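Fold and geometry: a report
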Amino acid sequence: MPAISMKVNGQVVTGEVEARTLLVDFLRSNLGLTGTHVGCDTSQCGACVVHVDGRAVKSCTALAIACDGASVTTIEGLARNGTLHPMQEAFREHHGLQCGFCTPGMIMSAIDTVNRRGKTLDEATIRHELEGNICRCTGYQNIVAAVQAGAAKM
Amino acid sequence: MENFAYHRPASVADAVAAMKKAKDGKFMSGGMTLLPTVKQGLAAPSDVIDLTGLKNSGISVSGSSVTVKAGTTHVDVATDKGIRQVVPALSALALSIGDPAVRNRGTIGGSISNNDPAADYPAACLGLGATIHTSDRKLAAGEFFTGMFTTALKPAEVVTAVEFPVPAKAGYAKFPNPASRYAMVGVFVAKLKDGSVRVAVTGAGPAVFRVPAMEAALARDFSAKALAGVTVDAKTLNTDMHASATYRAHLIGVMAKRAVEVAK
């Protein structure tokens, strides 16, 4: 099997994978980073969003081998010394979740949005940017509020 | 998902050579269509030839044309300041594809090579009269898109760039499928600098197509009201769980008017 190496949450990791191994499976099964979720597995729901070289990517629709040499950030890589990332803290503060299954993807997409569009986000922009992230518990009201507040604090 | 041999060539020549050697190879760019297709078992290539190693991305804008290298992602087209200045309709179209994570990864070369009947870029290519540059030749958009998921590309031919003429004005309007954001109907209208008008429709038929009757009406008067009464025959259009052919024919009229209204 081909050997790959990438930086995940700042740490260099290596592994052997089949060509068909998806990035999300490498993260979850090989590295035990189960914070990245598989919801739909058809690139619709966004629960699997991670950052690859600074950009949000659906890790269920990326080959691990194609990320050889890349720098990957997952939900586990956001907190610093036990302090939540401002976007995580905003989701807690604004109750931007119910069951929490979609939350890692929501947060990774929200941070990608701030990276591209800045810290001041209006509601319409946030809703457009969250098109690829689906929550099945409840409405998006608190998620939108959390993203807006978290963005301002980043 | 069936396993395959993976290649990541660093040059177009190596990519073409790898494809020629493969039994049933597929080129992959962003993988936004190919990977879901392979995951669902709808395709099982012997070899996947990843074109991202070509590092063939970038945009150049001149007074008369916009050239987008094949590996350029949708987000880079959507946010390019030069494109926004000379063909804002192309920026808006790129921003309407899929969702942010898909736009971060999907590329123009991959999109047009796949030629999904509901993809957005084919409408811009045909609507503006783009020239498709490949590893072998240059093709007019009208020759490139040949049918449902088919193009004029030979098996080991790679798209390298898309060259769009800068129009006098252009607009794009689509009725997106609420789940996938693919176009149920999308209409791209352009008035070119030589005064000619092109109208290209995606999402409605087996592949992107032009509407000569609308082009003639808009050439006389480039306004939404000029399209009143100009209809498209539903006979050749798609019917599926999302919309009937008759409904799609109706949507073409509505989207064409909206595209003219937003054209700039």
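Residues numbered from 1 in each chain as written. Chains lettered and ligands numbered in written order. Predicted model: local features only at pLDDT ≥ 70, side-chain atom pairs only at ≥ 80, totals over all residues. Heavy atoms only, no water.

1. Quick look at the overall build of chain B
- Each helix and strand in chain B was counted, giving 11 helices and 14 strands.
- In chain B, which comprises 264 residues, the share counted as buried stands at 56%.
- Accessible surface, chain B: about 10,900 Å² in total, of which carbon and sulfur atoms supply 54%.
- The centroid of the 29 positive side-chain charges in chain B is displaced by 5 Å from the centroid of its 20 negative side-chain charges. (Helix = DSSP H or I, 4+ residues; strand = E, 2+ residues; numbered from the N terminus. Buried < 20%, exposed > 50% of the residue type's maximum accessible area, 1.4 Å probe, protein only. Areas by Shrake-Rupley, 256 points an atom, 1.4 Å probe, with all protein chains shown as cover. Lys, Arg positive; Asp, Glu negative; His and termini not counted. Charge placed at Lys NZ, Arg CZ, Asp CG, Glu CD.)

2. Digging into the sheet that holds strand β3 (residues 47-50) of chain B
Residues and elements named next belong to chain B.
- Read from one edge of the open sheet, 3 strands run β1-β3-β2, paired in parallel fashion. Of all strands in the sheet, those bounded by a partner on one side alone are β1 (5-7) and β2 (25-28). Across the sheet, the axes of successive neighbouring strands diverge by a mean angle of 20 degrees, strand direction being ignored.
- In this structure, β2 lies alongside β3, joined through 4 bridges in parallel fashion. Counterpart to G25 in the pairing with β3 is D47.
- Here helix α1 (residues 12-21) sits on the sheet and contacts β2 and β3; the angle it forms with β2, its principal contact strand, is near 150 degrees. (Pairing = 2+ DSSP bridges. Axes fitted to C-alpha atoms, helices over the stretch in contact; angles between N-to-C directions. Contact = heavy atoms within 4.5 Å.)

3. Thoughts on the domain arrangement of chain B
Residue and element names in this part refer to chain B.
- If you check the domain split of chain B, you get domain 1 (5-53) and domain 2 (59-262).
- On a C-alpha basis, the centroid separation for the pair domain 1 and domain 2 is 25 Å.
- Taken together, the 10 residues of domain 1 in the interface contact 13 residues of domain 2.
- Summed over both partners, the interface of domain 1 with domain 2 comes to about 840 Å²; 74% of that surface belongs to carbon and sulfur atoms.
- At the junction of domain 1 and domain 2, the tally comes to 0 salt bridges.
- Counting the contacts that link domain 1 with domain 2 gives 1 residue pair in polar contact (both at pLDDT 80 or more).
- Sorting elements by how many residues they give to the side of domain 1 that touches domain 2 places α1 first, with 4 residues.
- Partitioning the side of domain 1 that touches domain 2 into residue classes produces 6 nonpolar, 3 polar and 1 charged. (Domains from an automatic or database assignment. Buried area = accessible area lost by both parts, 1.4 Å probe. Salt bridge = Lys/Arg side-chain N within 4 Å of Asp/Glu carboxyl O. Polar contact = N/O pair within 3.5 Å; in protein donor to acceptor, adjacent residues only side chain to side chain. Nonpolar A, V, L, I, M, F, W, Y, C, P; charged D, E, K, R; others polar.)

4. Some thoughts on the layout of surface pockets
- For the second largest pocket, the calculated volume is near 220 Å³.
- Every residue lining the second largest pocket is listed: R116(A), R117(A), E129(A), V75(B), A78(B), T79(B), R84(B), P88(B), S91(B), A92(B) and L95(B).
- Of all the elements in the fold, those that place two or more residues in the lining of the second largest pocket are α3 (103-117) of chain A together with α3 (74-79) and α5 (88-95) of chain B.
- With 4 residues, the top contributor of residues to the lining of the second largest pocket is α5(B).
- Taken together, the residues of the lining of the second largest pocket sort by class into 5 nonpolar, 2 polar and 4 charged. (1 Å grid on protein atoms, 1.4 Å probe; cavity = no way out; pocket = protein on both sides within 12 Å on 5 of 7 lines; lining within 4 Å. Points joined across faces, edges and corners; volume = space filled by probe spheres on them.)

5. Notes on the state of the cysteines
All names here are of chain A.
- Summed over the entire model, instances satisfying the criterion amount to 0 disulfides over all chains.
- For C135, which is in no disulfide, the shortest distance to another cysteine sulfur is to C102 and amounts to 4.3 Å.
- Looking at C137, it has no disulfide partner, and the nearest cysteine sulfur is the one in C99, 3.6 Å off. (Disulfide = S-S within 2.5 Å.)

6. Quick look at the nonpolar core
- Grouped together as the largest cluster of nonpolar side chains are 39 residues, with contacts concentrated most on I112(B), Y121(B), C125(B), F164(B) and F188(B).
- Leaving out residues up to four positions away in the same chain, F164(B) has contacts with S64(B), S65(B), V66(B), V68(B), L90(B), I108(B), A124(B), C125(B), L128(B) and A130(B).
- Counting 33 residues, the second-largest nonpolar core is a separate cluster that includes I4(A), A19(A), V50(A) and A64(A). (Core = buried A, V, L, I, M, F, W, Y, C linked by side-chain atoms within 4.5 Å.)

7. Some remarks on the interface of chain A and chain B
- At the interface, 26 residues of chain A touch 27 residues of chain B.
- Summed over both sides, the interface of chain A with chain B buries roughly 2,300 Å², with 55% coming from carbon and sulfur.
- The largest per-residue losses of area from chain A upon contact with chain B belong to R20(A), R55(A) and T61(A), which jointly make up 26% of the total buried on that side.
- At the boundary of chain A with chain B, the tally comes to 3 salt bridges.
- The residue R55(A) makes a salt bridge to D76(B) at a minimum N-O spacing of 2.6 Å.
- Along the contact surface separating chain A from chain B lie 9 residue pairs in polar contact (both at pLDDT 80 or more).
- Elements with a contribution of two residues or more to the side of chain A that touches chain B: β4 (55-58), α3 and α4 (123-129) of chain A.
- Top contributing element to the side of chain A that touches chain B by residue count: β4(A), with 4 residues.
- Here the side of chain A that touches chain B is built from residues that sort into 11 nonpolar, 5 polar and 10 charged.

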